[in-house]
Amino acid sequence: MKKILMTMCAFVALTAGAQDIKNGSLWNINNLEYEAKVNADKTISFNAMAEGEELAFRLTPSKNKKNEYTIGEDPKADGFNPYSKATRAKYVAEQGWKLLCLYDQKGGLREVLDGSFVGSGEKVAMGKWMQQIMGKYVDSYGDELEIGNEVVYKNGLACATYENILFNGCVTGVVKITGNTHLDGMWEVVQTLDGLTLYEVKQDEYGMFERKGNEQELDWINTEPRFGYASIVLLNDKQFRKMDKATLRIMRNSILAKHGYVMSSPDLKEYFGSKAWFSPRPSNDGVFDELTLVERLNIELIKGEE
C-alpha cells in the first residue's frame, strides 16, 4: 500500500511539473513565428527572426502556479527581448486556442502569442487584416462598394482587384487597387468609426510610404456591427493600433454590445441605441460570463492601447 501511495505521489508531482508549452511549438504574433525550446532546467526559450535580427526571451515557470511564468532575457541568445516591459506570462488553453498572454508589472495585458494558428505567420497576419477591412461601404459618389477577398465590387459587379502590400513580410495596411474605379492606385487603409479612410501613397526606393494628399472616405453600410470581427479575430497584430482613442473605445464596447450589454455613459447609450443590430438586455447580469476567450482578451488589448 505504501509503495502504491508513493507511486501515485510521484505521478502527481510529475504531472504538476509537466510543460504545456511543447518543445518545438510555433507561436505567432503579427507576422512573426517564435519557436519554443524547453530547456533542461524547465525554462522555455522563445526565438524569432525579424528582418535578419534575432528576437529572444525566456520563460521561467512559477513555483506556485501552473502555466504561469516570469519573463526575462535569454542568456544563451544573441537577440534582444522585445517584451522587456512584460514581467509575467500565462499559458491559456481554452475553446480550441493555445495562447501565451504577456502582462506588465501592473497586471495589464500587453501582448498575446498564438500557438494554435495554422500556416505561416505572414499568411495569418494577412488573413486577419483582410477580415478587418472586408465589408460593404458607400463612397463619396454614392456608389456601393464591397471589399471582398482581393476583389472590389461596385454596385454588385466586380470592378477591380487589390493587392495587400507587404514590407519585409509585414502587413503594412497599404493596398494596391487595379481596375475600372476612381480608387485605382496605392492607398493606405485606416479604420475609422464610420468605415475606412484611404490615403493615397507613393513608395520610395527604401520601401517606405508617403501620403500624397488625396484621400477617400468609405462609409460602413453593413447591417452587422462595424467591429464585429473583434469577436472572432485575436487582435495580436499592429493594424488596430492605428485607430484613435475614441474609435478604440467604441470598438471595445462593441464587443459587449453584441451581447446586449446596456451602457451607462450617455454617449455610448446614444451610439449603440441607434444601431439596428443592438438588442439591449433587461439586465447586464451574466454578460461577462458569455464572452468568449478571444472577446475577453481583445477587450483587455484594446483597453491597454487606449
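Every value quoted in this text rests on a predicted model; they were computed, and no experiment measured them. (Residues numbered from 1 in each chain as written. Predicted model: local features only at pLDDT ≥ 70, side-chain atom pairs only at ≥ 80, totals over all residues. Heavy atoms only, no water.)

Draft legend 1. Just the side chain of Glu-200, in detail. Tracing the chain through its elements places Glu-200 in strand 15 (residues 195-203). If near-sequence neighbours (up to four positions away) are discounted, Glu-200 is found in contact with Met-186, Trp-187, Glu-210, Arg-211, Lys-212, Gly-213 and Asn-214. (Helix = DSSP H or I, 4+ residues; strand = E, 2+ residues; numbered from the N terminus. Contact = heavy atoms within 4.5 Å.)

Draft legend 2. The arrangement of the packing of helix 3 (residues 245-257) against helix 4 (residues 266-273) in detail. One way to put it is that helix 3 packs onto helix 4 with a least axis distance of 11 Å and a crossing angle of 65°. Where helix 3 crosses over helix 4, the handedness of that crossing is right-handed. In this structure, helix 3 contributes Arg-249, Ile-250, Asn-253, Ser-254 and Ala-257 to the contact, and helix 4 contributes Asp-267, Leu-268, Tyr-271 and Phe-272. In terms of residue class, the contact of helix 3 with helix 4 is made up of 5 nonpolar, 2 polar and 2 charged. (Axes fitted to C-alpha atoms, helices over the stretch in contact; angles between N-to-C directions. Left-handed = near helix turned anticlockwise from the far one by under 90°. Nonpolar A, V, L, I, M, F, W, Y, C, P; charged D, E, K, R; others polar.)

Draft legend 3. View of helix 6 (residues 293-305). Taking 1.5 Å of rise per residue, the 13 residues of helix 6 would be expected to cover 18 Å, and the 19 Å separating its terminal C-alpha atoms lies within 8% of that figure. Those residues of helix 6 that fall on the buried side of the exposure criterion are Leu-293, Val-294, Glu-295, Leu-297, Asn-298, Ile-299, Leu-301 and Ile-302. The elements touched by buried residues of helix 6 are strand 6 (86-94), strand 7 (97-104), strand 8 (109-114), helix 3 and helix 5 (287-290). (Expected span 1.5 Å × (residues − 1). Buried < 20%, exposed > 50% of the residue type's maximum accessible area, 1.4 Å probe, protein only.)

Draft legend 4. Representation of empty space enclosed by the protein within the structure. A full pass over the atoms with the stated rule returns 2 cavities of 30 Å³ or more. When its volume is computed, the largest cavity comes out at roughly 90 Å³. Every residue along the wall of the largest cavity is listed here: Ile-133, Leu-145, Ile-147, Val-152, Tyr-162, Val-175, Ile-177, Leu-183, Val-189, Leu-196, Leu-198 and Leu-218. If you list the elements that add at least two residues to the lining of the largest cavity, you get strand 10 (144-147), strand 13 (170-179) and strand 15. Residue composition of the lining of the largest cavity, by class: 12 nonpolar, no polar and no charged. Every residue along the wall of the second largest cavity is listed here: Trp-129, Val-189, Val-190, Gln-191, Gln-239, Lys-242 and Met-243. Ranked by the residues each element gives to the lining of the second largest cavity, the list is headed by strand 14 (residues 185-191), at 3 residues. (1 Å grid on protein atoms, 1.4 Å probe; cavity = no way out; pocket = protein on both sides within 12 Å on 5 of 7 lines; lining within 4 Å. Points joined across faces, edges and corners; volume = space filled by probe spheres on them.)

Draft legend 5. Broad picture of the pattern of salt bridges. Counted by the stated rule, this structure contains 13 salt bridges. Among the salt bridges present, the one from Arg-249 reaches Asp-267, with a minimum N-O distance of 2.6 Å. On the criterion of sequence distance, the pair formed by Arg-249 in helix 3 and Asp-267 in helix 4 is long-range, its members being 18 residues apart. Residue Glu-306 pairs with Arg-252 through a salt bridge whose shortest N-O separation is 2.4 Å. Here Glu-306 is found in the segment after helix 6, whereas its partner Arg-252 is found in helix 3, with 54 residues between them in sequence. (Salt bridge = Lys/Arg side-chain N within 4 Å of Asp/Glu carboxyl O.)

Draft legend 6. The arrangement of the sheet that holds strand 15 in detail. Strand order in this closed barrel of 8 strands is 9-10-11-12-13-14-15-16, and the pairing throughout is antiparallel. Averaged over neighbouring strand pairs, the angle between their axes works out to 40° when direction is ignored. Pairing geometry for strand 15 and strand 16 (residues 209-220), over 8 bridges, is antiparallel. The residue bridging Gln-203 from the neighbouring strand is Phe-209, located in strand 16. (Pairing = 2+ DSSP bridges.)

Draft legend 7. Representation of the pairing of strand 16. Pairing analysis gives 2 bridges linking strand 9 (residues 135-138) to strand 16, with the strands arranged antiparallel. From the neighbouring strand, Tyr-137 faces strand 16, where its bridge partner is Trp-220. In textbook terms, the turn of a hairpin is the stretch between consecutive antiparallel strands, and for strand 15 and strand 16 this stretch comprises 5 residues, one of which, Gly-207, has a positive phi near 90°.

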